[in-house]
Amino acid sequence: MQSPRKRTTAASPRYKIDISIADQLLTVKRDDETVRTFPISSSRFGLGTEEGSNKTPLGRFQIAAKIGHGMPSGTIFQSRVPLKPEDPLPVTEDLITSRILWLAGLDEDNANTRERFIYIHGTKHEDEIGRPDSHGCIRMRNADVIELFELVEEGAPVVIEE
């Protein structure tokens, strides 16, 4: 008796993300059709891949991990762990809130992106969305990053362009 054949073709991600630094916009596409566009905030320190530079990298990436599923909007994360209400706040103005989409670089010059802890995440600085203000990550409004988190899968392609 013959054993059933297993399907070995990997499904391609349903959605992809394009980020325009010039426009400060994140666009979600499905089969090259725009599904949703969100305002973002990239780095106030400019563009680059140098360790410790607080700059936003350019190029091709993928979502390496999604963190924060089911957490309340505005949840603060420290080292990717949600803080409890009684925990002290991190000593930083760049709080990471609501959801984390951790990026991994796919190009030779941005291969250190994951080790640099570059994320797409929520922020308490929603009034700064639409202009460069982050410390390297892509910041979004909390409601927007939660919506994005639900749309995309781990492994989804991301392109960040000037």
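Computed from a predicted structure; not experimentally measured.

Conventions we followed
- Residues numbered from 1 in each chain as written.
- Predicted model: local features only at pLDDT ≥ 70, side-chain atom pairs only at ≥ 80, totals over all residues.
- Heavy atoms only, no water.
- pLDDT = per-residue confidence, 0-100.
- Contact = heavy atoms within 4.5 Å.
- Helix = DSSP H or I, 4+ residues; strand = E, 2+ residues; numbered from the N terminus.
- Buried < 20%, exposed > 50% of the residue type's maximum accessible area, 1.4 Å probe, protein only.
- Polar contact = N/O pair within 3.5 Å; in protein donor to acceptor, adjacent residues only side chain to side chain.
- Pairing = 2+ DSSP bridges.
- Phe/Tyr/Trp six-rings, centres within 6.5 Å; stacked < 30°, edge-to-face > 60°.
- Lys NZ or Arg CZ within 6 Å of the ring centre and 35° of its normal.
- Salt bridge = Lys/Arg side-chain N within 4 Å of Asp/Glu carboxyl O.

Turning next to the confidence of the model for the protein chain. With 92% of its residues at a pLDDT of 70 or more, the protein chain shows a mean pLDDT of 91. This stretch, residues 1–11, has a pLDDT under 50; its non-local contacts, to residues over four places away or in other chains, come to 0 contacts.

This part is about the environment of Lys66. When you line up the elements, Lys66 lands in strand E4 (residues 59–67). The partly exposed category is assigned to Lys66, whose relative accessible area is 25%. In sequence terms Lys66 and Ile120 are 54 residues apart; their C-alpha atoms lie 9.7 Å from each other. Among all residues touching Lys66, those that are not within four sequence positions of it are Ile100, Leu101, Phe149, Val152, Glu153 and Glu154. Within the structure, the side chain of Lys66 is placed 2.7 Å from the backbone oxygen of Val152, a separation counted as a polar contact.

This part takes up the pairing of strand E8 (residues 119–122). Here E8 shows a buried face lined by Tyr119 and His121 and a second buried face lined by Ile120 and Gly122. Alignment of E8 against strand E9 (residues 138–140), held across 3 bridges, turns out to be parallel. Across the sheet, residue Gly122 finds its bridge partner in E9, namely Met140.

All told, the structure shown has 2 aromatic pairs when counted by the stated rule. One aromatic cluster is present, formed by Trp102, Phe117 and Tyr119 through successive ring pairs. When the ring centre of Phe149 is taken as reference, the NZ or CZ atom of Lys66 above it lies at 4.5 Å.

This part is about the pattern of salt bridges. Applying the stated criterion across every chain, the model contains 9 salt bridges. Across the pair Glu50 and Lys55 runs a salt bridge, and its minimum N-O distance is 3.7 Å. With a relative accessible area of 24%, Lys55 lands in the partly exposed category. Between Arg139 and Asp94 there is a salt bridge, with the nearest N and O atoms lying 2.7 Å from each other. Pair noted here: Arg139 is in strand E9 and Asp94 is in the loop between strand E6 (81–82) and strand E7 (96–105), with a separation of 45 residues, a long-range link. Each of the two residues, Arg139 as well as Asp94, counts as buried.

Glancing now at the side chain of Ser98. Along the polypeptide, Ser98 turns up in strand E7. Under the relative-accessibility criterion, Ser98 is labelled buried at 0%. Looking at Ser98, its side chain comes within polar contact range of the main-chain nitrogen of Gly74, at 2.7 Å. Here Asn142 takes part through its side chain, which lies 2.7 Å from a polar atom of the side chain of Ser98. Among all residues touching Ser98, those that are not within four sequence positions of it are Gly68, Pro72, Ser73, Gly74, Thr75, Phe77, Asn142, Val145 and Ile146.

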